[in-house]
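Spelled out from the first residue to the last, the chains are:
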Amino acid sequence: MCKDAIVFNNKPKGVTLDAWIPYYICACGRSKEGVFCDGSHEGTNCLPKKVIVEKTKQYHICMCKTSNSFPFCDGTHSMYADEEVGKSVKP
Ligand code: FES
Ligand code: FES
């Protein structure tokens, strides 16, 4: 987890990833649509997470940016209330 990240949302997003394609998942919570890095992490200490999957299918991408299995959701988002969306992640 990047300590400079902000909570993009308090629930995951289902995204289809194609096998063997490198994807760069936004870890800072600042990219426009929240899933893929668009360079908005500039000025933070966050870097995108590169991921390559072995199967083409839908994955639950972590949008709270605090999953221990980032970039995949592990349920950690349950600690964020709706009011905490857009705010700093908890340490
Ligand atoms: Fe969030 Fe690049 S925009 S990591
Ligand atoms: Fe589920 Fe982040 S959205 S752990």
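The structure under discussion appears in the preceding block.
What you are looking at is a predicted structure, and each value in this text was computed from that prediction instead of being measured.

Thresholds, definitions, all that
- Residues numbered from 1 in each chain as written.
- Chains lettered and ligands numbered in written order.
- Predicted model: local features only at pLDDT ≥ 70, side-chain atom pairs only at ≥ 80, totals over all residues.
- Heavy atoms only, no water.
- Helix = DSSP H or I, 4+ residues; strand = E, 2+ residues; numbered from the N terminus.
- Rg over C-alpha atoms; globule rule 2.2 N^0.38 Å.
- Buried < 20%, exposed > 50% of the residue type's maximum accessible area, 1.4 Å probe, protein only.
- Contact = heavy atoms within 4.5 Å.
- Areas by Shrake-Rupley, 256 points an atom, 1.4 Å probe, with all protein chains shown as cover.
- Lys, Arg positive; Asp, Glu negative; His and termini not counted.
- Charge placed at Lys NZ, Arg CZ, Asp CG, Glu CD.
- Disulfide = S-S within 2.5 Å.
- Salt bridge = Lys/Arg side-chain N within 4 Å of Asp/Glu carboxyl O.

Draft legend 1. Examining the overall build of the protein more closely. Helix and strand counts for the protein stand at zero helices and four strands. In the protein, the succession of helices and strands from N to C terminus is β-β-β-β. Here the C-alpha atoms of the protein give a radius of gyration of 12 Å, agreeing with the 12 Å that 2.2 N^0.38 yields for 91 residues. Here the C-alpha coordinates of the protein stretch approximately 35 × 30 × 20 Å along the principal axes. The buried share among the 91 residues of the protein stands at 37%. Sequence-distant contacts in the protein: of pairs separated by 6 or more residues, those separated by 24 or more amount to 62%. Counting every atom, the protein has about 5,300 Å² of accessible surface; 51% of that belongs to carbon and sulfur. Taking the average location of the 12 positive side-chain charges in the protein and that of its 10 negative ones, the two points are 2 Å from each other.

Draft legend 2. Geometry of the state of the cysteines. Applying the stated rule across the entire model yields one disulfide. Here Cys2 engages in a disulfide with Cys46; their sulfurs sit 2.1 Å apart. Residues Cys2 and Cys46 are joined by a disulfide whose S-S torsion is about -85°; by sign, that bridge is left-handed. Taken together, the residues span a long stretch of sequence, with Cys2 in the segment before strand S1 (13-17) and Cys46 in the loop between strand S2 (23-25) and strand S3 (49-51) at a distance of 44 residues. The pair Cys2 / Cys46 is uniform in exposure class, with both members buried.

Draft legend 3. Broad picture of the pattern of salt bridges. Taken as a whole, this structure holds one salt bridge when the rule is applied. Note that Glu84 is salt-bridged to Lys90, the shortest N-O span being 3.1 Å. The class for Lys90 is partly exposed, based on a relative accessible area of 29%.

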